[in-house]
Every structure is written in structure tokens, then in C-alpha cells.
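Observations on chain architecture
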Amino acid sequence: MNRAATVLLTALAPVSWGTTYAVTTEFLPADRPLFTGLMRALPAGLVLLALARVLPRGIWWGKVAVLGALNIGAFFPLLFLSAYRLPGGMAAVVGSVGPLFVVGLSAVLLGQRPTARSVLTGVVAAFGVSLVVLKAAGALDAVGVLAALASAASMSTGTVLTKRWGRPDGVGPLALTAWQLTAGGLLIAPLAFLAEGAPPALDGPAIGGYLYLALANTAVAYWLWFRGIGRLTATQVTFLGPLSPLTAAVVGWAALGQALTPVQLAGMALAFGATVAGQLRQRTPADAPIRSFSFPEKNARKDSMDVTGPALRR
């Protein structure tokens, strides 16, 4: 598959995540962010695990625990906490600095030197997102801001580590996705029951909403995301993240009757332009795709190298 097709398929993940806000507000029980995160992650992970029929081995148990916590287990609760505590889409604005986190982390962990182009593109993307989702509101909540920054840092670190570690030899992106979703869901489960109590009663629309979130919005979307991480560079993948709040704005306009102002349209153009520019970054030897990472026991095979920006309510 050529690179353009890979980019387009990977982009379907943040586009899908952009529908989460509308589904959550229209169909799901209110004020249950942890339970929603649990229902997204664990069922999806178990379904993919049944399809993949392979478990981690050796050192990969620890790596999966780390990646599952960063990409799912910590990211989901922090993201929802920031979204509930910050006004007018500020969580998406703070979270849109994810590409800049990835640029910095890639320099440290992947040896990819940041360029002025990648930094400028990240700033333009964040500015464009801010024009789309930011609304005038009251004072900012310090806990919410810290949670938004932490969620962006968590997903960005998980993205870069996924790029650095790749996959075990002979294991595809489906299994890697299953492992991370399951590990992340198991991490969220006790937090959800301790903080929110017993699961709420669910009606037909809520059940349908959770099925959509678990299957299309999480199982398929994260499989496409981690598949893209294995084939593209870290920065290319994370610069697709602004598509999530942009999709949320379009869905709000088309399905929820929310108006789009000229300023928002200008912001959408800026953010989308930055997303496209993020895919035009010149390939270097350090950017070689990570496709596998051999188990320590399989020393006969040479290791090869195989990476969210988070947006509002992925």
C-alpha cells in the first residue's frame, strides 16, 4: 500500500474520534467519563484479542502495560477530566499541543532532530484548533489545564514509545492494539467503580452508543492508528490529530445545528492546512518505519524498527 493510502486510512482514526463528543452528549449517561472510557477500551480490547489469538511474551508484558497506560489507561481519564472541567473546548486547545510534544520526544527517544517547519506547523495547528473550538467563558480551572496537558503528554509519549519499540517479531498491529486496549481498560476499571460507583442503567440509545464507541470508534480506529504508527513517522501520525476537533465541529454543525462562524472556518482551514503540511515532511534515515522488534529469545533475527494528538473527547 502506498504512503498516501496509509495516511488516509490512519486519518480515519481521528475523524472517528471527532464523533465521540456528539455520541456522548446525545446518547450516553451524563457525568460518567470513567465508565465511558472503560466501555470504550475493555470490550474493544477483548474483541480484538479474540481475533488476534496471541498474547505478549517476555519483556513485552511490561511494554504493553506501559503503552496501555499511556495511550489508553491514563489518557482516557485525563482527557475526560479536562473536558469536564475546562470551558468552551479549552481541553481540545490545550490537547492540540500534542504534535509539539511528539516533536520534542522524537528528538530524545528517536534521534529525529526537530525542524523549524515541524515546530511552526505544530503552532499553526494548535492556533487553528483554538479558533474552531475556543469560546469565551469563565476563569480557567487549574486542575483541568493540568489534566489536559497531562493527557497530551501521555498520548504523545505513548505514540513515540510505540514508534521506538515497534512490535514483536511476527505480531501485527491488530494484536498490538488488542493488548493496549485491554491493558488500558483493566487499568480504568477499578478507577471507574471507585470514583463513579455501580454502572448506570442503560437504555437502547445508550447501548447503541457504547457499541459504536467500542467497535468503530475504538477497536477499528485504534487499529488504524497503531497500524499507521508502524508505517509513518511519529510526527506525521500526530499531525493527523487536529482532524478530531475539526470533525467534532463539522458534526456539531451538520447534526446538532451548531453554527460555524467565519473565524471558525478560518481556523478549520489553518488546522487542516497544518495537518496536510505535517504529512509533507521530508523522509530521513532516522524516520524509517518500525515494523517489528524481536523477542530477546529470538536473537537470530535482526531487530527492525516499526506512533495523538489528542483532541476533545476522543
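These numbers were taken from a predicted model, which means no experiment stands behind them.

1. Looking at the packing of aromatic side chains
As enumerated under the stated definition, the model contains seven aromatic pairs in all. Judged by centre distance (6.2 Å) and plane angle (65°), the rings of Phe 76 and Tyr 222 are edge-to-face. Here the residue Phe 76 occupies a position in helix α5 (residues 75-85), and Tyr 222 occupies one in helix α11 (residues 204-231), the gap between them amounting to 146 residues. Tyr 222 sits in the buried class, given a relative accessible area of 0%. These aromatic residues form a ring-pair network of at least three members: Trp 17, Phe 75, Phe 76, Tyr 222, Trp 225 and Phe 226. Taking the ring centre of Phe 35 as reference, the NZ or CZ of Arg 32 above it sits at 5.9 Å.

2. Thoughts on the environment of Ala 83
In this fold, Ala 83 is placed in helix α5. Owing to a relative accessible area of 13%, Ala 83 belongs among the buried residues under this scheme. For the pair Ala 83 and Gly 144, spaced 61 residues apart in the sequence, the C-alpha separation amounts to 7.4 Å.

3. Describing the nonpolar core
Among the nonpolar cores identified, the biggest contains 30 residues, and Phe 76, Tyr 222 and Trp 225 are the most heavily contacted of them. Of all the elements in the fold, those that place two or more residues in this core are α1 (3-17), α3 (33-52), α5, α10 (173-196) and α11. Listed in part, the 10 residues of the second largest apolar core include Val 64, Leu 161, Trp 165 and Ala 175.

4. Let's talk about the pattern of salt bridges
Using the criterion set out here, one finds one salt bridge in the structure. The residue Glu 196 makes a salt bridge to Arg 32 at a minimum N-O spacing of 3.4 Å. Here Glu 196 is found in helix α10, whereas its partner Arg 32 is found in the loop between α2 (20-27) and α3, with 164 residues between them in sequence. Taken as a pair, Glu 196 and Arg 32 share a single burial class, namely buried.

5. Some details on the confidence of the model for the chain
Confidence along the chain averages 82 in pLDDT terms, with 85% of residues attaining 70 or more. Here residues 284-313 scores under 50 on pLDDT; set against residues more than four positions off or in separate chains, the count is 108 contacts.

6. Quick word on the packing of α3 against α10
Two elements in contact, α3 and α10, have axes whose closest approach is 7 Å; the angle formed by their N-to-C orientations is 150°. The angle between the axes of α3 and α10 places the two elements in the roughly antiparallel class. At the point where α3 passes α10, the crossing takes the left-handed sense. Looking at the contact of α3 with α10 residue by residue, the class counts come to 24 nonpolar, five polar and one charged.

Criteria and thresholds
- Residues numbered from 1 in each chain as written.
- Predicted model: local features only at pLDDT ≥ 70, side-chain atom pairs only at ≥ 80, totals over all residues.
- Heavy atoms only, no water.
- Phe/Tyr/Trp six-rings, centres within 6.5 Å; stacked < 30°, edge-to-face > 60°.
- Helix = DSSP H or I, 4+ residues; strand = E, 2+ residues; numbered from the N terminus.
- Buried < 20%, exposed > 50% of the residue type's maximum accessible area, 1.4 Å probe, protein only.
- Lys NZ or Arg CZ within 6 Å of the ring centre and 35° of its normal.
- Core = buried A, V, L, I, M, F, W, Y, C linked by side-chain atoms within 4.5 Å.
- Salt bridge = Lys/Arg side-chain N within 4 Å of Asp/Glu carboxyl O.
- pLDDT = per-residue confidence, 0-100.
- Contact = heavy atoms within 4.5 Å.
- Axes fitted to C-alpha atoms, helices over the stretch in contact; angles between N-to-C directions.
- Parallel < 35°, antiparallel > 145°, perpendicular 65-115°, else oblique.
- Left-handed = near helix turned anticlockwise from the far one by under 90°.
- Nonpolar A, V, L, I, M, F, W, Y, C, P; charged D, E, K, R; others polar.

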